[in-house]
Amino acid sequence: MTKLAYLHEPGVLQNLRCRFDINEIYTYTGGILIAINPFQRLPHLYENRVMEKYKGASVGELSPHPFAIADSAYRQMIKEQISQAILVSGESGAGKTESTKMLMQYLAFMGGRNNNTGERSVEQKVLESNPVLEAFGNAKTVRNNNSSRFGKFVEIQFDGRGRISGAAIRTYLLERSRVCQVSDPERNYHCFYMLCAAPPEVKVSLSFNNSHLV
Ligand SMILES: Nc1ncnc2c1ncn2[C@@H]1O[C@H](COP(=O)(O)OP(=O)(O)OP(=O)(O)O)[C@@H](O)[C@H]1O
């Protein structure tokens, strides 16, 4: 339970994070998963073989993990035929965006289709939408170098056999004032810096598209 207190004291977490076993960044309180931001990449926790392990395992059977939450929601949806929702909440920099990506990754793994047509599947499109949304809606703040300045509601639709059939992403409450007013040392939205750093041919093509839009 001490880990809970660290969630509200990011400074303390920074100082003590070396005490954490990297395999213990997740814990449960009842049916809620609490994530401690490790502030370091831990790819071995999220690879395919880990997703395989969580497939069909009930919550609590294996170590706490976002995959266990996603698996439970997925199974419940198939069993009860009722839509499920996963709420990801926390203060800025807590790891909501990263956790959401893991949940989406697991649902894409469970509900993905074998696609031999060469076309990009729905789940690929959903996962690939993240960098685009982040370019236009994320910015560096004092708390988080990649802070989402908007809310996001991701809906993934499944057919009767549990295969992904469609998806919708709704965004809301974008912090518009950031476009014209940024307080130092924060930054504007990533897309502006990407545009400045882009090679000349990309800039030409963007301004071409823009003039058509206008
Ligand atoms: N599970 C994780 N593994 C590794 N790094 C992580 C993890 N979760 C978060 N981080 C690190 O912490 C940073 C902040 O996380 P994230 O952007 O997900 O926070 P957030 O809660 O969405 O913040 P905000 O509300 O400001 O958008 C990430 O850019 C990443 O570097």
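Just so you know, these numbers come straight off a predicted model, no measurement behind them.

Some details on the overall build of the protein chain
No. 1: Scanning the protein chain from terminus to terminus reveals eight helices and six strands.
No. 2: Among the 214 residues that make up the protein chain, the fraction classed as buried is 15%.
No. 3: Taking the intrachain contacts of the protein chain between residues at least 6 apart in sequence as the baseline, contacts between residues at least 24 apart amount to 51%.

Here we look at the confidence of the model for the protein chain
No. 1: Considering every residue of the protein chain, the mean pLDDT works out to 84; 81% of them sit at 70 or more.
No. 2: Across residues 1-19 the pLDDT falls below 50, and counting only partners more than four positions away or on other chains, this stretch makes 14 contacts in the model.
No. 3: Scoring the predicted complex yields pTM 0.83 and, for the interface, ipTM 0.98.

Overview of the environment of F158
No. 1: On the secondary structure map, F158 appears in strand 5 (residues 151-158).
No. 2: By the C-beta count within 10 Å, which is 18 here, F158 ends up partly exposed.
No. 3: Separated by 34 residues in the primary sequence, F158 and F192 have C-alpha atoms spaced 36 Å apart.
No. 4: With sequence-adjacent residues up to four places away left out, F158 is seen in contact with M77, G111, R163, I164 and S165.

Thoughts on the site of the ligand
No. 1: In the vicinity of the ligand there are 18 residues, among which G95, K96, T97, E98 and S147 approach most closely.
No. 2: When contributions to the shell around the ligand are tallied by element, the ones reaching two or more residues are helix 5 (96-111) and strand 4 (147-148).
No. 3: Ranked by residue count, the leading element in the shell around the ligand is helix 5, at three residues.

So, the UniProt feature "binding site: ATP" (unreviewed entry) in the protein chain
No. 1: Look at the UniProt record and you will see "binding site: ATP" (unreviewed entry) annotated at G90, E91, S92, G93, A94, G95, K96 and T97.
No. 2: The topology assignment puts S92 in the loop between helix 4 (66-80) and helix 5.
No. 3: With sequence-adjacent residues up to four places away left out, S92 is seen in contact with T141, R143, N144 and S147.
No. 4: As for its placement among the helices and strands, T97 is situated in helix 5.
No. 5: The exposure class assigned to T97 is partly exposed, which follows from the 18 C-beta atoms found within 10 Å.

Observations concerning the nonpolar core
No. 1: Core analysis: the biggest nonpolar cluster contains 15 residues, and F67, A70, Y106, L107 and A108 have the highest contact counts within it.
No. 2: Non-local contacts of F67, meaning those with residues more than four positions away in its chain, are made with V50, M51, Y54, M102 and Y106.

Considerations on unusual backbone geometry
No. 1: With an omega of 10°, the peptide bond between D184 and P185 qualifies as cis.
No. 2: As for its placement among the helices and strands, P185 is situated in the loop between strand 6 (164-172) and helix 7 (190-197).
No. 3: In this structure, Q81 is a non-glycine residue whose phi angle is positive, near 55°.
No. 4: Inspection of the secondary structure assignment puts Q81 in the loop between helix 4 and helix 5.
No. 5: Residue L173 is not a glycine yet carries a positive backbone phi of 55°.
No. 6: Among the secondary structure elements, L173 is positioned in the loop between strand 6 and helix 7.
No. 7: Judged by local crowding, L173 falls into the exposed class, with 9 C-beta atoms found within 10 Å.

Calculation rules
- Residues numbered from 1 in each chain as written.
- Predicted model: local features only at pLDDT ≥ 70, side-chain atom pairs only at ≥ 80, totals over all residues.
- Helix = DSSP H or I, 4+ residues; strand = E, 2+ residues; numbered from the N terminus.
- Buried ≥ 20, exposed ≤ 12 C-beta atoms within 10 Å, placed from the backbone.
- Contact = placed C-beta atoms within 7 Å.
- pLDDT = per-residue confidence, 0-100.
- Near = placed C-beta within 6 Å.
- UniProt positions renumbered as here; feature names shortened; annotations may be inferred.
- Core = buried A, V, L, I, M, F, W, Y, C linked by C-beta atoms within 7 Å.

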